[in-house]
Amino acid sequence: MNKIFHYGIILFIIVGLIFNKQEAMLKALLQTPFDVFELCKTLILSICLWNGLLKIIQASNMMNHLNFLFKPLLRWIYGRCIQDEQIYQALSSNLIANLLGLGTLATMSGLQAISKLKEKNYPLQIKILVVINTAGFSYFTNYHDDN
């Protein structure tokens with residue numbers, strides 16, 4: 001893969017030179033660090049915001065009011081691993097965040113759940129969690145009708 005990347009860069013430079021696009025290539029080269037900085041800044045601030053919100057939700061025990069609804073479903077999906085309270089809390093907060101369409105919050109709680117599942121050695125449940133999060137199901141969707 002590394003060779004493909006290097007050969008691709010060389011090919012793109014040659015094509016740019018052949019079609020006399022030196023100015024556009026230089027402009028893109030100089031703009032790239034600013035674009036990367038903006039992307040990193042947005043991602044880091046978003047992660048901090050949603051992680052803070054997750055901590056507030058967990059500290060206020062708001063999840064406990066919804067957790068009892070999902071225990072049978074989580075037991076059916078994940079099996080015996082939800083007997084551990086920490087794993088159950090992380091998995092249920094991930095499920096609730098997914099159902100509400102809070103993708104970034106679901107990512108944060110999913111990462112917490114994965115770390116707890118790794119500690120207790122549940123590799124199959126980690127795979128199930130990844131599949132559920134990748135599917136991106138939610139109760140609330142961003143459907144917009146243009147008519």
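Think of each chain on its own: its residues are numbered from 1, step by step along the sequence as written. Since the coordinates come from a predicted model, pLDDT governs what is reported: local features require at least 70, and pairs of side-chain atoms require 80 or more to be given and counted, while whole-chain, interface and lining totals use all residues. Calculated side-chain values reflect all of the structure's heavy atoms, with hydrogen atoms and water omitted.

Caption draft 1: Examining the nonpolar core more closely. The nonpolar core is taken to be a set of buried Ala, Val, Leu, Ile, Met, Phe, Trp, Tyr and Cys residues, with the residues joined through side-chain atoms within 4.5 Å. The rule is simple: take the accessible area with a 1.4 Å probe, protein chains only, and divide by the maximum for that residue type; under 20% is buried, over 50% is exposed, in between is partly exposed. In terms of nonpolar packing, the biggest core is built from 25 residues, with Leu74, Tyr78, Cys81, Ile82, Leu91, Leu117 and Leu129 touching the most fellow members. Put simply, DSSP H or I for four residues or longer makes a helix, DSSP E for two residues or longer makes a strand, and each gets a number counted from the N terminus. Counting only elements with at least two residues in this core, the list comes to helix H2 (22-59), helix H3 (62-78), helix H4 (85-99), helix H5 (103-119) and helix H6 (123-135). A per-element tally of this core places H4 first, with seven residues. We call two residues in contact when some of their heavy atoms are within 4.5 Å. In contact with Leu74, not counting residues within four places along its chain, are Gly79, Ile82, Tyr88, Leu91, Ser92 and Leu95.

Caption draft 2: Molecular detail of the side chain of Asn94. Of note, Asn94 is situated in helix H4. Whenever a nitrogen or oxygen atom comes within 3.5 Å of another N or O atom, the pair is scored as a polar contact, on the condition that within protein one atom can donate a hydrogen and the other can accept it, and that pairs from neighbouring residues in sequence are kept only if both atoms are in side chains. In this structure the side chain of Asn94 is engaged in a polar contact, spanning 3.1 Å, whose partner is the side chain of Asn133. If near-sequence neighbours (up to four positions away) are discounted, Asn94 is found in contact with Ala106, Ser109, Gly110, Leu129 and Asn133.

Functional significance is not addressed by these values, which are geometric in nature.
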